[in-house]
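# Tertiary structure, described
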Amino acid sequence: MSWGTELWDQYDNLSFHTQKGIDFLERYGHFIRDRCLIEMEYAGKLRRLVKNYQPKKKEEEEYQYSTCKAFKAMLCEVNDLAGQHEVIAENLQSDVIREINYLVKDIKEERKKLLQDSAKYVAMINNQVASLERSRKNYEKAFKEAERALDNFQRADADLNLSRAEVEKQRMNMAIKNQHCEESKNEYANQLQKTNELQSQHYKALMPEVFRQLQELDEKRIRNVRHFMAHSADVERNVFPIINKCLDGIINAANQVNEKQDTILVIERYKSGFEPPGDFPFDDLSRGGESTPLILPGSGNTYVSSGVGAHRSESMTVKGTMSAGKLKKRVGLFAIFSSNKDDYSELPPNQRRKKILQKLDEMQAKLHQEIAAKDGLMKMKGVYESNPALGDPMSTEGQLNECSQRIDKLNSDIAKYQGLLQEVECNVSPAGTRKHELAEHNGIGNGSTNNLSNHNNRINTSLTDGRAPLGEDESLSRSASDSSVSIPAVGLNNRYSGETVSLGASRNSLANDEDPPPYYDIHDLPPLGTCTALYAFEATSEGSIPMFDGEQLLIIEQDQGDGWTRVRRQPPNVEEGFVPTSYISIHSS
């Protein structure tokens, strides 16, 4: 079925129909645009929701429970869900709305051109028909005039009163009118032939071609609407796997909720470390103030009454703990002159031990950062010494001195808190210790006693190995600085007190050593990952190695904050050295 043959006389209706089709396509584009706005608004509200319910800094301690951790993980997944709705909006914007705009523009331009052509064809046929009509009227007029001239001649010829000259005049007029009539007739016949030919071409060739192209244009619009609808659904379907992963992550987070573990955490958080109170003594008023030992039925404990008004020590509350009011007053009275606010002396023993362990972790992390920073300064100084054009080596002296002072201060603080930790451990009651050890033996929890053991093991192990106490899973940079750091260890092993732990030689001195330490042997350092060189690098300083663009290398030591990463070439050419971190792309292992 073709518009050119079936709808040859419906030019106006076809023009109106194609305009309605373009209006529909634009309306569909507006629908997709509004859908994108809704998706972006929904994603933005989800992100604001997640942000509003993110734990505050003062609530971080509460988020050690499994329910709070699961909620925090759920917030992360909801945030990812918001990201997927943003992906839907962005893909609809780039893949659908943009294509719709291009298509609308193309169809409008093509339709305008076709309508202009059709208007030109219609004007041509209309002009030809008008010419035909004019020639017909001229012929009709000439024919009537020829008939009147013939009638006039016949009357003059029949009239005997007229002269011969008058008769000849009418004959000449009749001949002229007949000739003019023949000419008009021929012109009319000629225009008729042209009009019929043009009309045939107009309705059989020109306009059908215009209608055919309009039909193809409309079908193209319809096909693209179908494509856009299907593609819009595909855009949303493509994010379903990721949305399902987010929902699976929420379910996994919910499965991590453990009521028993949370119960143990509550115990560890609020356990005071004091022993439960004993039975109240019986005050025998009839004894006249004499102390009378009494044994209450079923108690198994003996108390000595001190007479009328005898009572338990005022410093003990009904719960068996020290009176908080009296203790605070006493501390407040003397704290002006001698108390240290950082020793957590106002807390119960178990909570105090927990705070001290947290403080030790923080200081050891800071110590690790300071040592890494000092190591970076030493590397920078070595580069300046090998190439003075890059900088003055003495410019790093001030920073090195400040870094050394901060390291000494951290070592001093670590020693102080280790002493406080030992003091707390010595003051814990034997019964309480036995209870806690029994809980650990039964696998109930990993409380502060276990943390203390971990801290002491880290301290002793690091001192025995000749390294500073940097944490459970941390070690010093393999390319340590030239200086030494004195770490007085005060804790369970006092025999290490005051010992100085050397941080090792610098990268330059190690490179000049004929027999470097064992942990610098390239065969003893397993690769931490791989990387690819982004740019070519020329080794200008000692200890660095050159690399070419795109070279694959093994990572031996991560960047310690100084901008250099230690790498090793792939076998068989096993060469090792430092390259700029910004020159490589690190692959996740």
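Heads up: these notes are all about the structure in this document.

## Remarks on the packing of aromatic side chains
A complete count under the given rule lists eight aromatic pairs for this structure. Ring centres of F537 and Y583 lie 5.8 Å apart, and the angle between their planes is 80 degrees; this geometry places the pair in the edge-to-face category. Placement of F537 in the loop between strand 5 (529–533) and strand 6 (552–557) and of Y583 in the loop between strand 8 (576–580) and strand 9 (584–587) is noted, with a sequence separation of 46 residues between them. Connected via pairs of aromatic rings, a cluster forms that spans Y535, F537, W564 and Y583.

## Description of the sheet that holds strand 9
As summarised here, the arrangement of the five strands in space is 8-7-6-5-9, forming an open sheet in which the pairing is antiparallel. With one partner strand each, in any of the chains shown, strand 8 and strand 9 form the two edges of the open sheet. Pairwise comparison of adjacent strand axes, ignoring direction, gives a mean angle of 45 degrees for this sheet. By the bridge criterion, four bridges tie strand 5 to strand 6 in an arrangement that is antiparallel.

## Describing the side chain of Q128
Its place among the elements puts Q128 in helix 3 (residues 66–158). If we skip the residues at most four places from it in the chain, Q128 touches Q191, K194, T195 and L198.

## Digging into the pattern of salt bridges
Counted according to the given criterion, the structure contains 25 salt bridges. Among the salt bridges present, the one from R35 reaches E39, with a minimum N-O distance of 3.0 Å. Of this pair, R35 and E39 both sit in helix 2 (residues 11–52), four residues apart, roughly one helical turn. With relative accessibility at 8%, the residue E39 sits in the buried group. Across the salt bridge formed by E575 and R569, the nearest N and O atoms sit 3.0 Å from each other. Through salt bridges with shared partners, one network takes in E133, R136, E140 and K144.

About the thresholds
The residue numbers shown here count from 1 along each chain, following its written sequence. Where totals are concerned, whole chains, interfaces and linings use all residues; where local detail is concerned, this predicted model gives features only for residues with pLDDT of at least 70, and gives and counts side-chain atom pairs only at 80 or more. Neither water nor hydrogens contribute to the side-chain values; these are computed over all heavy atoms in the structure. Pairs were defined over the aromatic rings of Phe, Tyr and Trp, the Trp ring being its six-membered one, requiring ring centres within 6.5 Å. Orientation was assigned from the angle between planes: stacked under 30 degrees, edge-to-face over 60, tilted for the rest. Helix and strand definitions follow DSSP, with helices as H or I runs of at least four residues and strands as E runs of at least two, each counted in order from the N terminus. When DSSP finds two or more bridges between a pair of strands, those strands are recorded as paired. The axes are straight lines fitted to the C-alpha atoms, using for helices just the contacting stretch, and the angles between their N-to-C directions are given from 0 to 180°. In what follows, a contact means two residues having at least one pair of non-hydrogen atoms within 4.5 Å. Salt-bridge detection follows one rule: a side-chain nitrogen of Lys or Arg within 4 Å of a carboxyl oxygen of Asp or Glu. Buried means the residue's accessible area, taken with a 1.4 Å probe over protein chains only, is under 20% of the maximum for its type, while exposed means over 50%, and partly exposed covers the values in between.

Limitation: the analysis is restricted to geometry and does not speak to function.
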